[in-house]
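As a plain string of letters, each chain reads:
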Amino acid sequence: MQEPFEISTRDNRIVYVKAVDVSDLPTEVQGKIEGLEQLYAVHDSDGQQLALVADRKLAFVLARQNDYAPVPVH
């Protein structure tokens, strides 16, 4: 016997990690960043930015610590 299984997109625990050039960020954010040319952004499946961190490894660790499954964006 099979029972229907409904997948809720609200419970989507996948996040996307992508490199972001500091020069592409808003001016007020650029002013707070010293010595880096690139940061890593963590986005949810709707594209909303959840975090901005200094390195790729930290982005993945942060996602996992918050029970998300990080996926790299090329």
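The structure displayed is predicted, hence computed values, not measured ones.

The topology assignment puts Asp44 in the loop between β2 (38-43) and β3 (49-53). Although Asp44 lies buried, it forms no salt bridge, and the closest oppositely charged side chain, Arg13, sits 9.4 Å away as judged by the N-O distance. Among the polar contacts made by the side chain of Asp44, one reaches the main-chain amide nitrogen of Gln48 at a distance of 2.9 Å. Once residues within four sequence positions are removed from consideration, Asp44 is found in contact with Ile14, Val15, Tyr16 and Leu50.

Overall, the coordinates contain zero aromatic pairs when judged by the stated rule. Over the ring of Tyr68 we find Arg13, and its NZ or CZ is 3.9 Å from the ring centre.

With that settled, the discussion passes to the sheet that holds strand β4 (residues 69-72). Two orientations exist for strands paired in a sheet by backbone hydrogen bonds: parallel and antiparallel. As summarised here, the arrangement of the four strands in space is β3-β2-β1-β4, forming an open sheet in which the pairing is mixed. A strand with exactly one partner marks an edge of an open sheet, and here the two such strands are β3 and β4. Here the strands of the sheet are splayed against their neighbours by 30° on average, with no regard to which way each runs. In terms of strand pairing, β2 meets β3 through four bridges, oriented antiparallel. Across the sheet, residue His43 finds its bridge partner in β3, namely Gln49. Helix α2 (residues 56-65) rests against β1 (14-21), β2, β3 and β4 of the sheet, and its axis sits at about 150° to β4.

The rules we used
- Residues numbered from 1 in each chain as written.
- Predicted model: local features only at pLDDT ≥ 70, side-chain atom pairs only at ≥ 80, totals over all residues.
- Heavy atoms only, no water.
- Helix = DSSP H or I, 4+ residues; strand = E, 2+ residues; numbered from the N terminus.
- Buried < 20%, exposed > 50% of the residue type's maximum accessible area, 1.4 Å probe, protein only.
- Lys, Arg positive; Asp, Glu negative; His and termini not counted.
- Salt bridge = Lys/Arg side-chain N within 4 Å of Asp/Glu carboxyl O.
- Polar contact = N/O pair within 3.5 Å; in protein donor to acceptor, adjacent residues only side chain to side chain.
- Contact = heavy atoms within 4.5 Å.
- Phe/Tyr/Trp six-rings, centres within 6.5 Å; stacked < 30°, edge-to-face > 60°.
- Lys NZ or Arg CZ within 6 Å of the ring centre and 35° of its normal.
- Pairing = 2+ DSSP bridges.
- Axes fitted to C-alpha atoms, helices over the stretch in contact; angles between N-to-C directions.

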